[in-house]
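Geometric and topological summary
Chain residues, written in single-letter form:
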Amino acid sequence: MRIFEPHIHMTSRTTDDYEALAAAGVVALVEPSFWLGQPRTSVGSFVDYFDALLGWERFRAAQFGIRHHCTIALNPKEANDGGLRDDVLALLPRYLAKDGVVAVGEVGYDSMTPAEDEAFSAQLALAVEHDLPALVHTPHRDKVAGTRRTLDVVDASGLPRERVLIDHNNELTVPLVAGTGCWMGFSIYPDTKMDETRMIRILSEYGTERMILNSAADWGRSDPLKVAKTAGAMLDAGFSADDVDRVVWRNPVEFYAQSGRLELDGVDADGPATFEGNSVRRGQPAGGPA
Amino acid sequence: MITAGALRSAVESRTDQSQRAWLDDALDVLARNPAAIRAHFPAVGRRVGRGPLDPGASGPFDWTVDDAARTLLLVALGPAAAAELPALYRHGDAAERRGLLRALPFLAAADVAGTADAADDREAAHAGDARDVSDVTDVAEAAVPLVADALRTNDQRLVAAALGAFAFAHLDDDAVAQAVLKCVFVGIPLASLEGLDERVTPALSRMLAAYAHERIAAGRTVPAEIWPLVDRHPPEAELAAIAAELEHPVAGRRAAAGAALADRAALAEHGPKI
């Protein structure tokens, strides 16, 4: 089974997780930029974070034959920090021009404040300007209303719907997004958002078109292998191998390929020996990972 | 709300002589040199202790000895407090931030009277007209962004400390509604939110009902405590959608709807009005 993991926060995962992902069939992934659990206090922290997504994480992934891409944005939560917002937004165009940046994201709503409205619209405009798709986070609180408002903002932005992935859907938001032309993301978590059984029901009801599964694994309770496990559950439930390939490979690849910056050929499993002098393979037996 | 004087008595009853001596000295120093708060504030836990102020009460809304001592230190700054708040918060760890957030209602009251001692006398008036805040601009200006920051975390104790009388006096309806939803998400009991009663808007009732519907559609339990708030302004569309879940083809959704609506009915009949 080949898996494209379209939303996973590897910054908060261990190198063992990269190894487990590779063993489960993940050969490419996208790491969206997001908040870090506690607010950053200066624009320099964003610079270092974006550089790590483009540098260190790409290197770590390559050690296990995984092609690492990222999305760049000011996340909705930190969009509420008036002291930072303008500086970070001003920084984004420099990063949105880079190789390996396959979308603007995660953008969208957290508390649906006017500041979030402003940052969301400004960043959708950046997506149009930089010819990139957008990865849109939907809020935990007041989710259905937030999803409706998200779709309105997307339409007002001029970004074509097929270039928008609306993420973290559940039973009540799918009916709003299905049929809009936007892609639908589902974060399969151990105990929040969506689980495997519920996901199977949604796929049975709505089909596999524009459906994209992710683990969204981060520093919270999460499981980086949830996409592989849900793929297995799909097979158990009677979906064909082609159905599974569509939702865990062809759909996310088709979505992010709209950036023109997806690099899926020639992944070098060995990678360079060190990254700025630091090898993640310290302690590995001779011969390195399988 | 507890008074500053009562906080001081409680701290004194929970500390030994050397701890009390440190606190007395700190209060004395700060009255003369407000900038000394920058070194005193982080030291409070190790100097006066960190246990519950009321032995046996250790919920997210209960005071700790360090919370109370930090509040006393900030009150001792008098009018100089507002200017110190942003950096104390920004450089503070979770315990320092909690103490600062808990202190805000005392500072807002002291700001009006100009002296810490008069704070107690102002509290009744402040509580009685919580949204008349035009005369507490300095502390409010400094502290509202700090409260908003704390409410963006998922730390139960920080969220609880942020949601005191100061927050209910200064946050707009949208922010209050988001904060209440945050409490539901992180498991902070809504019954502990003093001041929520007057801030339940139709939008908040609707958001809580929509949350219940999401939980039911996922086949999950709904916290019973939300129903009295939903029923303050019953949102027709959301409640109809929840009722329709009783007939849903997925058994788990029917069961979740049945359990949730049974809780709602029981609370409507017997439950305390929040």
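Residues numbered from 1 in each chain as written. Chains lettered and ligands numbered in written order. Predicted model: local features only at pLDDT ≥ 70, side-chain atom pairs only at ≥ 80, totals over all residues. Heavy atoms only, no water.

Some points on the packing of helix H3 (residues 37–48) of chain B against helix H4 (residues 65–76) of chain B
Residues and elements named next belong to chain B. For the pair H3 and H4, the least separation of the axes is 9 Å and the interaxial angle reads 155 degrees. When the axes of H3 and H4 are compared, the pair comes out roughly antiparallel. Two packed elements cross with a definite hand, and for H3 against H4 that hand is right-handed. Of the residues in H4, those in contact with Ile37, His40, Phe41, Pro42, Val44, Gly45 and Val48 of H3 are Val65, Asp66, Ala69, Arg70, Leu73 and Leu74. Of the residues that constitute the contact of H3 with H4, the class distribution is 9 nonpolar, 2 polar and 2 charged. (Axes fitted to C-alpha atoms, helices over the stretch in contact; angles between N-to-C directions. Helix = DSSP H or I, 4+ residues; strand = E, 2+ residues; numbered from the N terminus. Parallel < 35°, antiparallel > 145°, perpendicular 65-115°, else oblique. Left-handed = near helix turned anticlockwise from the far one by under 90°. Contact = heavy atoms within 4.5 Å. Nonpolar A, V, L, I, M, F, W, Y, C, P; charged D, E, K, R; others polar.)

Let's talk about the side chain of Asn80 of chain A
Relative to the helices and strands, Asn80 of chain A is located in the loop between strand E3 (67–72) and helix H4 (82–96). The buried category is assigned to Asn80 of chain A, whose relative accessible area is 19%. Contact partners of Asn80 of chain A, with chain neighbours within four places excluded, come to Arg85, Thr113, Ala115 and Glu116 of chain A together with Arg152 of chain B. (Buried < 20%, exposed > 50% of the residue type's maximum accessible area, 1.4 Å probe, protein only.)

Description of the confidence of the model for chain B
Taken residue by residue, chain B gives an average pLDDT of 88. The fraction at 70 or more is 88%. Scored as a complex, the prediction yields pTM 0.81 and ipTM 0.76. (pLDDT = per-residue confidence, 0-100.)

Looking at the sheet that holds strand E8 (residues 211–214) of chain A
Residues and elements named next belong to chain A. Read across the open sheet, the 8 strands follow the order E1-E2-E3-E4-E5-E6-E7-E8; overall the sheet is parallel. The outermost strands of the open sheet, each flanked by one partner alone, are strand E1 (3–5) and E8. Neighbour-to-neighbour, the strand axes of the sheet open up by a mean angle of 25 degrees, direction not taken into account. Relative to strand E5 (residues 134–137), strand E4 (residues 101–108) runs parallel, the two sharing 3 bridges. When the sheet's bridge partners are listed, Val107 is paired in E5 with Val136. In the packing of H4 onto the sheet, the strands contacted are E3 and E4, and the crossing angle to E4 comes to about 155 degrees. Lying over the sheet, helix H8 (residues 196–206) contacts strand E7 (183–187) and E8, oriented at roughly 170 degrees with respect to E8. (Pairing = 2+ DSSP bridges.)

What to know about the nonpolar core
By size, the foremost hydrophobic cluster in this structure holds 88 residues, and its most contacted members are Leu74, Leu85 and Ile226 of chain B. Among all residues touching Leu85 of chain B, those that are not within four sequence positions of it are Leu74, Leu100, Leu104, Leu107, Val139, Ala142, Ala143 and Leu146 of chain B. One finds Ala61, Ile66, Phe239 and Val244 of chain A within the second-largest nonpolar core, a separate group that totals 70 residues. (Core = buried A, V, L, I, M, F, W, Y, C linked by side-chain atoms within 4.5 Å.)

Re the packing of aromatic side chains
Within the structure shown, the criterion is met by 14 aromatic pairs over all chains. Relative to Phe59 of chain A, the ring of Trp56 of chain A has its centre 5.8 Å away and its plane inclined at 25 degrees; by these criteria the two rings are stacked. Residue Trp56 of chain A and its partner Phe59 of chain A are located together in helix H3 (residues 56–62), separated by 3 residues, close to a single helical turn. Given a relative accessible area of 24%, Trp56 of chain A falls into the partly exposed group. Residue Phe59 of chain A is classed as buried on the basis of its relative accessible area, which comes to 4%. For the ring pair Phe185 of chain B and Tyr211 of chain B, a centre distance of 5.2 Å and an interplane angle of 50 degrees mean the geometry is tilted. Taken together, the residues span a long stretch of sequence, with Phe185 of chain B in helix H11 (residues 173–186) and Tyr211 of chain B in helix H12 (residues 202–217) at a distance of 26 residues. Of the residues examined, Tyr211 of chain B reaches a relative accessible area of 9% and is grouped as buried. Taken together, the ring pairs connect Phe4, Trp183, Trp249, Phe255 and Tyr256 of chain A into an aromatic cluster. One residue, Arg102 of chain B, lies across the ring of Trp63 of chain B, its end atom 5.4 Å from the ring centre. (Phe/Tyr/Trp six-rings, centres within 6.5 Å; stacked < 30°, edge-to-face > 60°. Lys NZ or Arg CZ within 6 Å of the ring centre and 35° of its normal.)

Section: the pattern of salt bridges
Residue and element names in this part refer to chain B. Going through the model one piece at a time under the given rule, you end up with 29 salt bridges over all chains. Notably, a salt bridge pairs Arg199 with Asp173, separated by 2.9 Å at the nearest N-O pair. A residue pair is termed long-range when its members are at least 10 positions apart, and Arg199 in the loop between H11 and H12 and Asp173 in helix H11 qualify at 26 residues. With a relative accessible area of 37%, Asp173 lands in the partly exposed category. Taken together, the shared-partner salt bridges in this structure form one network comprising Asp66, Asp67, Arg70, Arg98 and Arg102. (Salt bridge = Lys/Arg side-chain N within 4 Å of Asp/Glu carboxyl O.)

So, the side chain of Asp149 of chain B
When you line up the elements, Asp149 of chain B lands in helix H8 (residues 137–151). According to the relative accessible area criterion, Asp149 of chain B is buried, its value standing at 12%. At a separation of 2.7 Å, a polar atom in the side chain of Asp149 of chain B contacts the side chain of Tyr89 of chain B. In this view, Asp149 of chain B contacts Pro39 of chain A together with Tyr89 and Arg97 of chain B; residues no more than four positions away in its chain are not counted. (Polar contact = N/O pair within 3.5 Å; in protein donor to acceptor, adjacent residues only side chain to side chain.)

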